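Coordinates in review
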Amino acid sequence: MKPEKGKTVVGFAGLGVMGHSMAGHIMRGGYDLLVYNRSKAKAMDLLTQGAVWKDDVYSLAEKSDVVITMVGFPADVEEVYLGERGLLAGARPGTVLIDMTTSSPDLAARIAAAGAEKGIPSLDAPVSGGDRGAREGTLSIMVGGEEAVFQDMMPLFSLLGKNVVFQGGPGSGQHTKMANQIAIASNMMGVCEALAYSKKAGLDPERVLSSISGGAAGSWSLSNLAPRILAGDFAPGFFVKHFLKDMKIALDEAERMGLDAPGLKKAFEQYGILASRGFENEGTQALYKLYGE
């Protein structure tokens, strides 16, 4: 089933820092939008623009042709999909379920298997790009599941991201996101250490950033999060608590595969210290606070 503007009803559950913007892109793209969030207040501006509120994910699934979820933790994903009043209980055969939460590869595979038994295809499609990528519709989207279903859903994915890649069978999108988070984890330590070093050396950190961000040291985090650090802006584009969740999934998967990941382990330790000091609801760039002490 390929989505058609004006005909396909898309349900969206999870209107947080990223999900809110993503749902807006779907609606402005010409699709009828149903929404659910634990806090209805976060949906109000979408409702004033024409979205329709549903009281739970079961009723959301009942009336949707495609359901997209962007929630917090694997436990949330499991409840939303596999709970007694979850999406798989409410969805009709043929409804496509797309989880864009960063979650467990094993859970993604279990959801796909449970859906297949009911004729309900699912994709795991976690994203990277933070709040800015969500606002601008430029996310990187990593997709696992059936390739034919992925191809059918491209009209929706294209509204949300610019780099949309099919990675393989169920769980492959989540495994790819783990690789993404592993790369970011050590890089964020490097970004913070570079800025702290610049300050200790008596340099102008902004001038240093203008030199190193365009060279071999360049990265998304250096270009997008380092300026926020220098401006004292630690608001969440991506929460510390969610990054810790992702790193724990990646560490568990690495251990299961017999892979040592010392950089990931150190980053997990550092972010754990940051969270223990009360900064779990700040953005990942808040790691600099450990280096600024």
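The structure contained in this document is the topic of the report that follows. (Residues numbered from 1 in each chain as written. Predicted model: local features only at pLDDT ≥ 70, side-chain atom pairs only at ≥ 80, totals over all residues. Heavy atoms only, no water.)

**Considering the overall build of the chain**
Basically, it comes down to this: By the criteria applied, helices consist of DSSP H or I runs no shorter than four residues and strands consist of E runs no shorter than two, each listed in order from the N terminus. Only C-alpha atoms enter the radius of gyration, while the globule expectation follows 2.2 Å times N to the 0.38, with N the number of residues. Relative accessibility under 20% of the residue-type maximum defines a buried residue, over 50% an exposed one, and the middle range a partly exposed one, all with a 1.4 Å probe and only protein chains included.
Helix and strand counts for the chain come out as 16 helices and nine strands. Since a compact globule built from 293 residues should have a radius of gyration of about 19 Å, the 20 Å found for the chain is in line with a globular shape. With respect to the three principal axes, the spread of C-alpha positions in the chain is 60 × 45 × 35 Å. Evaluated residue by residue, the chain yields a buried proportion of 52% over its 293 residues.

**Here we look at the packing of helix 4 (residues 74-82) against helix 6 (residues 105-117)**
Defined as follows: The angle between two axes is taken between their N-to-C directions and runs from 0 to 180 degrees, where each axis is a line fitted to C-alpha atoms and a helix contributes only its stretch in contact. Relative orientations are named as follows: roughly parallel for angles under 35 degrees, roughly antiparallel for angles over 145 degrees, roughly perpendicular for angles from 65 to 115 degrees, and oblique for any other angle. Here a residue-residue contact requires only that any non-hydrogen atoms of the pair lie within 4.5 Å. Charged means Asp, Glu, Lys or Arg here, nonpolar means Ala, Val, Leu, Ile, Met, Phe, Trp, Tyr, Cys or Pro, and polar covers whatever is left, Gly included.
Interaxial distance between helix 4 and helix 6 falls to 11 Å at its minimum, and their mutual angle equals 5 degrees. As judged from the angle between their axes, helix 4 and helix 6 are roughly parallel. Seen from helix 4, the contacting residues are P74, V77, E78, Y81 and L82; seen from helix 6, they are L107, R110, I111 and A114. Along the lines of polarity and charge, the residues of the contact of helix 4 with helix 6 split into seven nonpolar, no polar and two charged.

**A word on the packing of aromatic side chains**
This is how the line gets drawn: Only the six-membered ring of Trp is used, alongside the rings of Phe and Tyr, when aromatic pairs are assigned; centres must lie within 6.5 Å, and planes under 30 degrees apart are stacked while those over 60 apart are edge-to-face, with the rest tilted.
Applying the stated criterion across every chain yields a total of five aromatic pairs. The interplanar angle of 70 degrees and the centroid separation of 6.2 Å between the aromatic rings of F238 and F243 together place this pair among those described as edge-to-face. Relative accessible area serves as the criterion here: at 23%, F238 is assigned to the partly exposed category. With 5.1 Å between their ring centres and 85 degrees between their planes, F243 and Y271 make a pair best called edge-to-face. Here Y271 lies in helix 15 (residues 262-279) and F243 lies in helix 14 (residues 240-256), a separation of 28 residues in the sequence. A relative accessible area of 1% means that F243 is categorised as buried. The exposure class assigned to Y271 is buried, which follows from its relative accessible area of 0%. Taken together, the ring pairs connect F150, F157 and F166 into an aromatic cluster.

**Description of the pairing of strand 5 (residues 96-99)**
A regular strand places its side chains so that they alternate between the two faces of the sheet. Which entries qualify depends on this criterion: Strand pairing requires that DSSP identify at least two bridges connecting the strands. Handedness of a crossover is defined as follows: with both strands directed away from the viewer, a clockwise route from the first strand across the helix to the second makes it right-handed.
Taking every second residue as pointing to the same face, both faces of strand 5 are buried, with V96 and I98 on one and L97 and D99 on the other. Two strands pair when backbone bridges link them, and strand 4 (residues 66-69) and strand 5 are joined in this way by four bridges, in the parallel orientation. Bridging from a neighbouring strand, V66 pairs with V96 of strand 5. Each parallel crossover has a hand, and the one from strand 5 via helix 6 to strand 6 (residues 122-124) is right-handed.

**Overview of the nonpolar core**
Defined as follows: Here, nonpolar core means buried Ala, Val, Leu, Ile, Met, Phe, Trp, Tyr and Cys residues that are tied together by side-chain atoms lying within 4.5 Å of each other.
Grouped together as the largest cluster of nonpolar side chains are 54 residues, with contacts concentrated most on M22, I98, M100, I141 and F157. If we ignore the near neighbours within four places in the chain, the residues touching M100 are M22, I68, T69, M70, A125, P126, V127, I141, F157 and L160. Membership of the second largest hydrophobic core comes to 31 residues, among which are M178, A185, V240 and Y288.

**Notes on the environment of L46**
Tracing the backbone through its elements, the reader meets L46 in helix 2 (residues 44-48). Accessibility expressed as a relative area gives 1% for L46, which makes it buried. Sequence separation between L46 and L15 is 31 residues, and the spatial gap between their C-alpha atoms is 9.8 Å. Other than its neighbours up to four places away in sequence, L46 contacts L15, H20, A23, G24, M27 and A51.

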